[in-house]
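Each chain, letter by letter, is given below.
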Amino acid sequence: MKVRTPITDGVVPTLCRMCDTRCAINVHIKNSVIAGITPFENHPVNEGRICPRSEAAIDLFYHPDRILKPLKRREDGSFIEISHTRALDEISARLKHLKKEHGAHTVGVWKGEGLGFYQQEGYARRFIRAFGSPNYFSNDSACYNGRYLGNHLVCGFWNAFPEFNQAGLILLFGTNPPICHPPFTRELADARENGTRLVVIDPRLNPMACYADIFAQPYPGTDGALGWGLINYLIQTGNYDRDLVQRHVIGFEKIAAYARKFTPQYVQAQSGIYAHVVETIGRLIVKNQPDISIFSGAGLEHHENGVNSIRTLVILSCLSGALGRPCGLYRPEPLGTGELSLDRTLPPTGKNPIGRDKFPVLYDIRKECHTMTAMDYMLGKGEYPLKGLIIAAANPAVTNPNTAKVEKALKSLDLLVVNDFFMTKTAQLAHYILPATTFLEREELHFYPKLQRVNLTRCVATVDGVIDEYRVWRELALRLGFGDQYFPWKNESAVNHWLLAPTGLTVDLLHNHPQGYVYKPIRYQKHLSENLPTPSGKLEFASPYLKQLGLDEIPVYRPPYHRRHTDNRFPLVLTTGARKSLFYHSRNQNIPRFRNVHPDAEVEMHPDDAAHLQIENGEKVHVISKNGRLTLRVSIKHHSELRRGIVEIYHGWEDWRVNFLTFDEINDPISGFPLLKGVPVRIEKAAF
Ligand SMILES: Nc1nc2c(c(=O)[nH]1)N[C@H]1C(S)=C(S)[C@@H](COP(=O)(O)OP(=O)(O)OC[C@H]3O[C@@H](n4cnc5c(=O)[nH]c(N)nc54)[C@H](O)[C@@H]3O)O[C@H]1N2
Ligand SMILES: Nc1nc2c(c(=O)[nH]1)N[C@H]1C(S)=C(S)[C@@H](COP(=O)(O)OP(=O)(O)OC[C@H]3O[C@@H](n4cnc5c(=O)[nH]c(N)nc54)[C@H](O)[C@@H]3O)O[C@H]1N2
Ligand code: SF4
Ligand SMILES: [Mo]
């Protein structure tokens, strides 16, 4: 591996991308070797702190298993190294062939969490639009869009992270900040020290719950019932923002009428949370309104009723007066860069984007196709076949639900190209694997909407022969004949100049601001002077848009699948994917010092459930759903750590793929999200 660094010795400030938080770091270079990563002191996101995953960027960069040359699969399934020129020539020839013989729509691209949002996502979207296909897929068929849509449908915007330290009361639903978003934990801790009250709602004891005033464990997928119960409490006690309702809301009467049945007793029957706890939370909201932060995580959106649960909580937040407040729902200003995605300038024509007929809202609002429906199209069960796919920075053979089907579908493709560092389960199925650059090898813009700040990351090193994401798309585009028009910039730096041009900011300016540059001041309470960015210009407690699509006008609560379809064969409920601090989805398992901490997979069980089945801690068991089985070790938790009847398995293991057990056909009708956190299963002792 031949590495070049822009300086031989010194420190380069940039942003970490071992997760999406993007803390500011200093990368130390000694003798042209990346020798260390320390926190950058002066950035408001992490204020001079980093987590242990950050330094693992060095392990990743120099990893002995890293793929450094393009690989081509041979007939016998083995791979041979080929040159970049040959790989790009052959891939583009095959793409051309698919387009000519079957149409551009039979090809798609799939961006994964490894690339996050913004610029790298923009390239993937741009490429496929310019190619002429509507089929852009991403990990966001199971991440983030549920929360985005839930907020967007009510308010027209979403600010992912509020200013927790301004809140009098914080309610966390299905989120685990100490593991998933370490910097926000500091904000939460500061808030606690200043007297902020905290409520944590999670069937599993997550570390934040230890610091909560109230920790309540609902049955998975029943948060909507609690949300409605709290709405009912505010309305019945007359403690809601009447002025807001009069001036800025449509649909209040409808939600007030529907909320009536959600008495504390009814909420208890639905969610398992005691009626007096529901009332206590209601009282806490009343006492602290309008300074209420309500934050929901993947724990809510990974259910087939997720968007409605989230809409319910957004309505609760608005009723409690938190609209426009720093701790609540405020609308960030966009930076206003050039449009990479081409979503507006070159909207797709011709064939239907995959999944739009089933999940019109997902496509309409996010311009995304649906990954689970894509599997059907690959298997010849769609309106047309999907034959070619380029996957960049995703590992769907591990992370998408119903793994057996995902593998079958990916194997059936005429062309599968995977851009990654490692021979992942997905890469193993590819016809071509392109070696990927790490975040240390590119310069890209990053926005922090909450802070209205923008950063430009630095290219800290390059590896001979490995080309960055932008160049991969550009080289393919040039060979396909649309490079000059749509990828005219010679390199990423030229892209950055173009992106920044409409903003009045410059690359140099951002280089000189490693602490981030505040591009616009934050404006709270914007709804007082301008319309909300919804179709009606008001908060849509009832959505005419959803009604017209035949979807729920108000966020009706429907009990989750496992409570609607009780089946004696599958008496336990599996929640999957509660994050581990050192792993990131399927990443970091190949970093030995991390793997030593988590050597193998386990299924977490409540002691009563284990005792009932006469299972002991550490014993091997089969976990069985209607879709498959997984054999792994039991970890018996303490009574308070899990709700009885719930079991939990991490989702990123390459050797124990929990998505063999999950379903791809039980989806949220608005977001299309799969049911990942409420799967009926049974557990059997494994034979010795
Ligand atoms: N270390 C690490 N950090 C990560 C990631 C990672 O893989 N590793 N992944 C990143 C990504 S892409 C994402 S999307 C975020 C996700 O981060 P979060 O949004 O915080 O979500 P999770 O950790 O998946 O789950 C949060 C909690 O939801 C609970 N839960 C499950 N079902 C329900 C339910 O029905 N109701 C309620 N109230 N709670 C429920 C689980 O028990 C779990 O404790 O984390 C990000 N950060
Ligand atoms: N059962 C279950 N399934 C889940 C979840 C769950 O909770 N339960 N969570 C879901 C969620 S929230 C998410 S976000 C998805 C994540 O699903 P994926 O997007 O598939 O995430 P990863 O498994 O991290 O795969 C990322 C891949 O990108 C590679 N990579 C990392 N950085 C880069 C880069 O800079 N360039 C390139 N080219 N490659 C890179 C990594 O090596 C890795 O193989 O999983 C979802 N799946
Ligand atoms: S939380 Fe950790 S991994 Fe994520 S950006 Fe910050 S330092 Fe990096
Ligand atoms: Mo995610």
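Whatever comes next refers back to the structure up there.
Residues numbered from 1 in each chain as written. Chains lettered and ligands numbered in written order. Predicted model: local features only at pLDDT ≥ 70, side-chain atom pairs only at ≥ 80, totals over all residues. Heavy atoms only, no water.

Quick notes on the nonpolar core
- By size, the foremost hydrophobic cluster in this structure holds 53 residues, and its most contacted members are F252, I255, L319 and F541.
- The dominant element in this core, judged by the number of residues it contributes, is helix 7 (residues 223-236), at 8 residues.
- One finds I58, F421, A461 and F663 within the second-largest nonpolar core, a separate group that totals 52 residues. (Core = buried A, V, L, I, M, F, W, Y, C linked by side-chain atoms within 4.5 Å. Buried < 20%, exposed > 50% of the residue type's maximum accessible area, 1.4 Å probe, protein only. Helix = DSSP H or I, 4+ residues; strand = E, 2+ residues; numbered from the N terminus.)

Quick look at the side chain of R17
- Tracing the sequence through the fold places R17 in the loop between strand 2 (10-15) and strand 3 (24-30).
- Take R17: its relative accessible area is 6%, and that puts it in the buried class.
- Residues contacting R17, with those up to four places away along its chain left out, are R22, E113, G114, L115, G116, F439, Y584 and R587. (Contact = heavy atoms within 4.5 Å.)

What about the environment of D484?
- Its location among the elements puts D484 in helix 19 (residues 483-486).
- For D484, a relative accessible area of 65% gives the class exposed.
- With 10 residues separating them along the chain, D484 and R474 place their C-alpha atoms 8.8 Å apart.

A word on helix 10 (residues 264-271)
- Those residues of helix 10 not exposed but buried are P264, V267, Q270 and S271. Around the axis of helix 10, the buried residues are gathered within 120° of arc, so they sit on the same side.
- Phi turns positive one or two residues past the end of helix 10, at G272, with a value near 85°. (Arc of directions from axis to C-beta.)

Concerning the packing of aromatic side chains
- Evaluated as defined, the whole model comprises 32 aromatic pairs.
- Each ring, one from Y148 and one from W158, has its centre 6.4 Å from the other, and the planes form 85°; the classification is edge-to-face. With Y148 in helix 4 (residues 145-155) and W158 in the loop between helix 4 and strand 9 (169-173), the pair connects residues that are 10 residues apart, well separated along the chain.
- Ring centres 6.2 Å apart and planes at 85° place the aromatic pair F262 and Y557 in the edge-to-face group. You can see F262 sitting in the loop between helix 9 (252-259) and helix 10 and its partner Y557 sitting in the loop between helix 22 (544-548) and helix 23 (561-564), a full 295 residues away along the chain. Just as F262 is buried, Y557 falls in that class too.
- Note that R366 overlies the ring of Y148, its terminal NZ or CZ placed 4.3 Å from the centroid.
- Of note, K626 hangs over the ring of F663, and the distance from its end group to the ring centre comes to 4.3 Å. (Phe/Tyr/Trp six-rings, centres within 6.5 Å; stacked < 30°, edge-to-face > 60°. Lys NZ or Arg CZ within 6 Å of the ring centre and 35° of its normal.)

So, the site of ligand 3
- Around ligand 3, the structure places C16, M18, C19, R22, C23, I50, C51, R53, S54 and P182.
- Here the residues of the shell around ligand 3 are counted per class, giving 7 nonpolar, 1 polar and 2 charged. (Near = heavy atom within 4 Å. Nonpolar A, V, L, I, M, F, W, Y, C, P; charged D, E, K, R; others polar.)

Some details on the sheet that holds strand 15 (residues 415-420)
- Read from one edge of the open sheet, 7 strands run 6-5-16-15-14-7-8, paired in mixed fashion. What marks the edges here is a single partner per strand, and that holds for strand 6 (79-81) and strand 8 (136-138). Neighbour-to-neighbour, the strand axes of this sheet turn through a mean angle of 20°, independent of strand direction.
- With 4 bridges connecting them, strand 15 and strand 16 (residues 432-435) associate as parallel partners. Looking at the pairing, D420 lines up with P435 of strand 16. (Pairing = 2+ DSSP bridges. Axes fitted to C-alpha atoms, helices over the stretch in contact; angles between N-to-C directions.)

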